[in-house]
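If you want the building blocks of each chain, they are given just below.
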Amino acid sequence: YKGTLIFDYFPTNQTTLGQPVTTQLSEYLKIHPKAVRNLPDIIRFLDENKSGIIHGVGCIEDILPALFQKTTFNYCRPSAFIIDGYKRKHRTTYLTAHLAIDDVHSPRLIDWGRIYNAVTTYRMLHPTETWMLYGLAK
């Protein structure tokens, strides 16, 4: 499918704060998002909410720098992703991430640092400077 979105996933300005999907999740499905800002928050959220997920938006160039290179200063192509687990390997914790560009059944193991950089960069460029990494659980 190719086309344009007719709604916002996260708020994009002060006038659309009541219209995005995230607000509809809270109002209609009673799913309240919880901001996660660091790796201990992510691990705690996933351990406490076995069926919960974490969703966010970040710059794809920071998540997958080998596949997507920045071509100019402050260049960012926003990409949505879902985190539904984690794995510790040696001294590094990897997050199980499903990117918008991937097949739903093919998650990637991505280091927390890449996710953090992607979300932080996108936050700096976003009109409302909103943190875009939230846990969802009933």
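Just so we're clear, the structure is a prediction, and the values are computed from it rather than from any experiment. (Residues numbered from 1 in each chain as written. Predicted model: local features only at pLDDT ≥ 70, side-chain atom pairs only at ≥ 80, totals over all residues. Heavy atoms only, no water.)

Enquirer: Sorry if this is basic, but what is going on with the pairing of strand β4 (residues 92–99) here?
Expert: The side chains of a regular strand alternate, first on one face of the sheet and then on the other. Extensive coverage of β4 is indicated by the burial of six of its eight residues. Direction of pairing for strand β3 (residues 78–89) relative to β4: antiparallel, over a ladder of eight bridges. Of the residues in β4, the one forming a bridge with Phe81 is Leu99. The antiparallel hairpin formed by β3 and β4 contains two residues in its connecting segment, where His90 sits at a positive phi of about 60 degrees. Sheet topology places β4 next to strand β5 (residues 108–111); four bridges connect them, and they run antiparallel. Paired with Leu95 across the bridge in β5 is Ile110. (Buried < 20%, exposed > 50% of the residue type's maximum accessible area, 1.4 Å probe, protein only. Helix = DSSP H or I, 4+ residues; strand = E, 2+ residues; numbered from the N terminus. Pairing = 2+ DSSP bridges.)

Enquirer: Whenever I open this one, the nonpolar core confuses me. Can you help?
Expert: Soluble globular proteins tend to pack their nonpolar side chains together in the buried interior. Core analysis: the largest hydrophobic core is formed by 23 residues, its most contacted members being Ile42, Ile54, Ile63, Phe81, Ile83, Ile115 and Leu133. Elements with a minimum of two residues in this core: α2 (39–48), α3 (60–63), β3, β4 and α4 (112–125). The leading source of residues in this core is α2, at five residues. Sequence-distant contacts of Ile115, that is, excluding residues within four places in its chain, are made with Ile63, Phe81, Ile83, Leu95, Ile110 and Leu133. By size, the runner-up hydrophobic cluster in this structure holds five residues, among which are Val57, Cys59, Cys76 and Met132. (Core = buried A, V, L, I, M, F, W, Y, C linked by side-chain atoms within 4.5 Å. Contact = heavy atoms within 4.5 Å.)

Enquirer: Can you walk me through the sheet that holds β3 in this structure?
Expert: Strand pairing within a sheet occurs via backbone hydrogen bonds; the two strands may be parallel or antiparallel. Strand order across the open sheet formed by six strands is β1-β6-β2-β3-β4-β5, with antiparallel pairing between neighbours. Two strands bound the open sheet, and with one partner strand each, they are β1 (34–35) and β5. Sitting on the sheet, α2 touches β1, β2 (53–59), β3, β4 and β6 (133–136), and the angle it makes with β3 is about 80 degrees. Across the face of the sheet, α4 comes into contact with β2, β3, β4, β5 and β6 while running at roughly 60 degrees to β2. (Axes fitted to C-alpha atoms, helices over the stretch in contact; angles between N-to-C directions.)

Enquirer: So what exactly am I meant to see when it comes to the state of the cysteines here?
Expert: Formally, a disulfide is one covalent bond, and it connects the sulfur atom of one cysteine to the sulfur atom of another. In the structure shown here, the tally under the stated rule is one disulfide. There is a disulfide in this structure between Cys59 and Cys76, and the S-S distance comes to 2.0 Å. On the sign convention where negative means left-handed, the S-S torsion of about -100 degrees between Cys59 and Cys76 marks this disulfide as left-handed. With Cys59 in strand β2 and Cys76 in the loop between α3 and β3, this pair connects stretches of sequence that are 17 residues apart. Exposure class is identical for Cys59 and Cys76. Each is buried. (Disulfide = S-S within 2.5 Å.)

Enquirer: Got a minute to help me understand the pattern of salt bridges in this structure?
Expert: Pairing is possible between side chains that carry opposite charge, provided their charged atoms lie close to one another. For the coordinates displayed, the defined rule picks out four salt bridges. Measuring nitrogen to oxygen at the nearest pair gives 3.0 Å for the salt bridge that ties Arg44 to Asp41. In this pair, Arg44 and Asp41 both sit in helix α2, three residues apart, roughly one turn of the helix. Using a relative accessible area of 42% as the deciding quantity, one classes Arg44 as partly exposed. Judged by its relative accessible area of 17%, Asp41 falls in the buried class. In this structure, Asp62 engages Lys70 in a salt bridge whose closest nitrogen and oxygen atoms are separated by 3.3 Å. The exposure class of Asp62 is buried, given its relative accessible area of 15%. The partly exposed category is assigned to Lys70, whose relative accessible area is 42%. (Salt bridge = Lys/Arg side-chain N within 4 Å of Asp/Glu carboxyl O.)

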